[in-house]
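# Descriptive analysis of the structure
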Amino acid sequence: MISRPPLVTLVILLICLAAWGSPQLSRLLIYDRRAIADGEIWRLFTAHFVHFTGSHLAYNMTVFTGAGWLVESKGRCRFIWLYILTAMGVGMQLFVGRPGMGYYGGISGVACGVLFYGALTYMGDAPWRRISICTIFCLLGKVVLELGCNIWVIPHWSRPFVPMSESHGMGVVCAGIFYLFALPGRRPTLTGAP
């Protein structure tokens, strides 16, 4: 099933690790509201490479790498489009919906989107059906608890930042929309060849 190496997933992982190891690179990539307002629009996309603590990086990379590998194995071009849509969707949602937030970093919103899309995609494969259904319900439950009850399912023990639950919700929404438009028969304009 997983025949090709997940090159895009691994490149994103390496960029996240490079940003973690380089404060200068992190400052260049982080979501900085003032810089974005001054025209540095790329930060809406690149903020997802920046992480604030080791546990923040570890949690996000564990989910993103596993989900990314599974989704990318179904089609690299499709995975790239999914990543672009969720990264920009989360960045733009935070810019519009959180006008008082100065800084943001982390790939958790994108990871939630990739995980949701992967579960939707693998639901049609018999060996993955139960795992996919469980993943969908657990992920939706997590987002509802975070948004509706302000309860965090996954703790961050060394957290000098405030998690943005809306990023997880927006990642799921973007992935759901992409899934609907990337269904067989509608794919050519979005994904090209797998």
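These numbers come from a predicted model, not from an experiment.

## Some remarks on the overall build of the protein chain
Within the protein chain one finds ten helices and two strands. Put simply, the protein chain runs from its N terminus to its C terminus through helices and strands in the order α-α-β-α-α-α-α-β-α-α-α-α. For the protein chain, buried positions account for 47% of its 194 residues. Long-range pairs, those at least 24 residues apart, make up 74% of the contacts in the protein chain with a sequence separation of at least 6. When the accessible surface of the protein chain is summed, it comes to about 9700 Å², and 71% of that surface belongs to carbon and sulfur atoms.

## Brief notes about the pattern of salt bridges
Under the defined criterion, the tally for this structure stands at five salt bridges. Close ionic contact of lysine 74 with aspartate 125 constitutes a salt bridge, the shortest N to O distance being 3.0 Å. Pair noted here: lysine 74 is in helix H5 (residues 54-74) and aspartate 125 is in the loop between helix H7 (108-122) and helix H8 (129-149), with a separation of 51 residues, a long-range link. Where glutamate 166 meets arginine 98, a salt bridge forms, and the shortest distance between an N and an O atom there is 2.5 Å. Taken as a pair, glutamate 166 in helix H9 (residues 165-181) and arginine 98 in the loop between helix H6 (76-97) and strand E2 (103-104) lie far apart in primary sequence, 68 residues in all. For glutamate 166, a relative accessible area of 16% translates into the label buried. Accessibility expressed as a relative area gives 32% for arginine 98, which makes it partly exposed.

## Some details on H9
The terminal C-alpha atoms of H9 lie 25 Å apart, and with 17 residues this matches the ideal 24 Å at 1.5 Å per residue to within 8%. Within the sequence span of H9, burial applies to Ser165, Glu166, Ser167, His168, Gly169, Gly171, Val172, Cys174, Ala175, Gly176 and Phe178.

## A closer look at the packing of aromatic side chains
Counted by the stated rule, this structure contains nine aromatic pairs. In this structure an aromatic cluster arises from ring pairing among Phe45, Phe49, Phe64, Phe79 and Tyr83. Here arginine 33 stacks its cationic end above the ring of phenylalanine 95, 4.1 Å away from the centre of that ring.

## Topic: the packing of H6 against H9
Viewed as axis vectors pointing N to C, H6 and H9 meet at an angle of 140°, and their least axial separation amounts to 9 Å. The angle between H6 and H9 falls in the class oblique. Pair H6 / H9 crosses with right-handed handedness. For the pair H6 and H9, the contacting residues are Arg78, Trp81, Leu82, Leu85, Thr86, Gly89, Val90, Gln93 and Leu94 in the first and Glu166, Ser167, Met170, Gly171, Cys174, Ala175 and Phe178 in the second. Along the lines of polarity and charge, the residues of the contact of H6 with H9 split into nine nonpolar, five polar and two charged.

## Some details on H7
Structural remark: α-helix, 3.6 residues per turn; residues separated by three or four positions point the same way. Here H7 spans 21 Å end to end across 15 residues, near enough to the 21 Å set by a 1.5 Å rise per residue. Counting buried residues in H7 gives 14 out of 15 residues, a clear majority hidden from the surface.

Here is what the cut-offs are and how they apply
- Once a new chain begins, its residue numbering starts again from 1 and follows that chain's sequence as written.
- In view of the model being predicted, local features appear only for residues whose pLDDT reaches at least 70, and side-chain atom pairs are presented and counted only at 80 or more, with totals across whole chains, interfaces and linings using the full set of residues.
- The basis for every side-chain value is the complete set of non-hydrogen atoms in the structure, without hydrogens or water.
- The helix and strand labels rest on DSSP assignments: H or I over at least four residues marks a helix, E over at least two residues marks a strand, and numbering proceeds from the N terminus.
- Throughout, exposure labels follow a simple rule: accessible area from a 1.4 Å probe, protein chains only, divided by the maximum for the residue type, with under 20% read as buried, over 50% as exposed, and the rest as partly exposed.
- The contact definition used throughout considers only heavy atoms, calling two residues in contact when any of these lie within 4.5 Å.
- Using a 1.4 Å probe, the Shrake-Rupley method yields the accessible areas, and only the shown protein chains count as cover for residues.
- Salt bridge, as applied in this entry: a Lys or Arg side-chain nitrogen positioned within 4 Å of an Asp or Glu carboxyl oxygen.
- In this scheme, a helix's expected span is set at 1.5 Å multiplied by one less than its residue total.
- Planes of paired rings set the category: under 30 degrees apart is stacked, over 60 is edge-to-face and the rest tilted, where pairs are Phe, Tyr or Trp rings (Trp by its six-membered ring) whose centres lie within 6.5 Å.
- The rule is short: NZ of Lys or CZ of Arg within 6 Å of the ring centre and within 35 degrees of the ring normal puts a charge over the ring.
- Simply put, an axis is a line fit to the C-alpha atoms, just over the touching stretch for a helix, and the angle between two N-to-C directions goes from 0 to 180 degrees.
- When an angle is under 35 degrees it counts as roughly parallel; over 145 it counts as roughly antiparallel; between 65 and 115 it counts as roughly perpendicular; any other value is oblique.
- By convention the crossing between two helices is left-handed if the near helix lies anticlockwise of the far one by an angle smaller than a right angle, and right-handed if it lies clockwise.
- Basically, the charged four are Asp, Glu, Lys and Arg, the nonpolar ten are Ala, Val, Leu, Ile, Met, Phe, Trp, Tyr, Cys and Pro, and anything else, Gly included, counts as polar.

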